[in-house]
Amino acid sequence: MQKIINQILDVVFPIECIGCEKGGGWICEECARTVPINSSPCCLLCKTKTNYGEFCRKCKDNYNLNGVFIAGDYDNKIIKRGIKTLKYRFIYSISGELAKLLILFLEKQKEKAQFSEWIGQVEMPKDTPDILENFSNAIIMPVPLHKKRLKWRGFNQAEKLALPIAEHFNLRVDTENLQRIKNNKQQAKLKEKDRHKNISGIFSWEGVDLKGEYIILVDDVVTTGSTLEECAKILKKAGAIEVWGAVVAKG
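Quick caveat, the model's predicted, so the values are computed rather than measured.

Q: Where do I start with helix α7 (residues 157-169) in this structure?
A: At 3.6 residues per turn, the α-helix brings residues three or four places apart onto the same side. Taking 1.5 Å of rise per residue, the 13 residues of α7 would be expected to cover 18 Å, and the 19 Å separating its terminal C-alpha atoms lies within 8% of that figure. Those residues of α7 that sit buried are Q157, A158, L161, A162, I165, A166 and F169. One face of α7 carries all of its buried residues, which in axial projection span an arc of 155°. Directly beyond the C-terminal end of α7, a positive phi value near 55° is found at N170.

Below, the structure is given as structure tokens:
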């Protein structure tokens, strides 16, 4: 039904670039080239610059989450419009364009990790996260929606982002076993001090033991990281070695 609705909308409201309104696609090539890819990863908590977006030495003990791969900035006009089009206009066909930003960022991180490995063999200690060394074995998981919100929206925007990433890198994807068991308030509507309490205990793992597995959690935006952290806590209890977030933008 959602697919039919989107097809009707495409006829009534032809697809136009969200940057320049040129017809033919949601983000034209010219506008896509203007979107800056994050070149300065940092610790999500204290904003100290880190190599890949991992938590710094001072902050990492506070988290089950190992770090967050952040492709861009929510303040960018095209990224903001793209995410709002996906989440609030319910046009999931734009998810492929947003996923391309994450794919490009992850490709750059992999290249940097390979170069770091080569340098490490020569003169420097290794600083590459294990998940990048074991990237081909990672499991892609979208942050789940509660079934009530999924029914209301018609799709999970995180899943729409996750599937192209898994396909591009030929990675396993699990969209079923990490479940949201409580329909909490939307994080975006809460103050930072209330977000941790709001998200506590709302996820469960219903799959097999994750011993030895590396997980990449996909979502659209990260702000405080509370949602990703709560997922990571559950996945680490299930045996995962490393859990990283991967998001289109930092809000």
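Q: Can you walk me through the pattern of salt bridges in this structure?
A: Between side chains of opposite charge, a pair can form as their charged atoms come close. Counted by the stated rule, this structure contains 5 salt bridges. Between K87 and D220 there is a salt bridge, with its nearest N and O atoms 3.2 Å apart. In this pair, K87 is assigned in helix α3 (residues 77-87) and D220 in strand β6 (residues 214-222), connecting sequence segments 133 residues apart. The class of K87 is buried, set by a relative accessible area of 16%. Accessibility expressed as a relative area gives 3% for D220, which makes it buried. Between R172 and E213 there is a salt bridge, and its shortest N-O distance comes to 2.8 Å. In this pair, R172 is assigned in strand β3 (residues 172-173) and E213 in the loop between β5 (203-205) and β6, connecting sequence segments 41 residues apart. On the accessibility criterion, E213 (19% relative accessible area) is buried.

Q: Would you mind showing me how to read the side chain of E230 here?
A: Residue position: E230 is located in helix α9 (residues 226-237). Note on E230: relative accessible area 8%, which makes it buried. At 2.9 Å, the side chain of E230 and the backbone nitrogen of G201 are in polar contact. Among the polar contacts made by the side chain of E230, one reaches the side chain of K233 at a distance of 3.3 Å. Contact partners of E230, with chain neighbours within four places excluded, come to I199, S200, G201 and F203.

Reading guide: rules and limits
Every chain is numbered on its own, with residues counted from 1 as its sequence reads. The predicted nature of this model means local features are confined to residues of pLDDT at least 70 and side-chain atom pairs, given and counted, to a pLDDT of 80 or more, with totals for whole chains, interfaces and linings taken over all residues. Heavy atoms from the whole structure form the basis of all side-chain values; hydrogens and water molecules are not counted. Starting at the N terminus, helices and strands are each numbered in turn, a helix being any DSSP run of H or I of at least four residues and a strand any DSSP run of E of at least two. Here a helix's expected span is defined as the number of its residues, less one, multiplied by 1.5 Å. Only protein chains enter the accessibility calculation, which uses a 1.4 Å probe; a residue whose area is less than 20% of its type maximum is buried, one above 50% is exposed, and one in between is partly exposed. This arc corresponds to the set of directions leading from the helix axis out to the C-beta atoms. A side-chain nitrogen of Lys or Arg and a carboxyl oxygen of Asp or Glu constitute a salt bridge if their distance falls within 4 Å. Residues adjacent in sequence count toward polar contacts only when both atoms are side-chain atoms; beyond that, a polar contact is any pair of N or O atoms within 3.5 Å, and within protein one must be able to donate a hydrogen and the other to accept it. Contacts were defined at the residue level, with two residues in contact if any of their heavy atoms lie within 4.5 Å.

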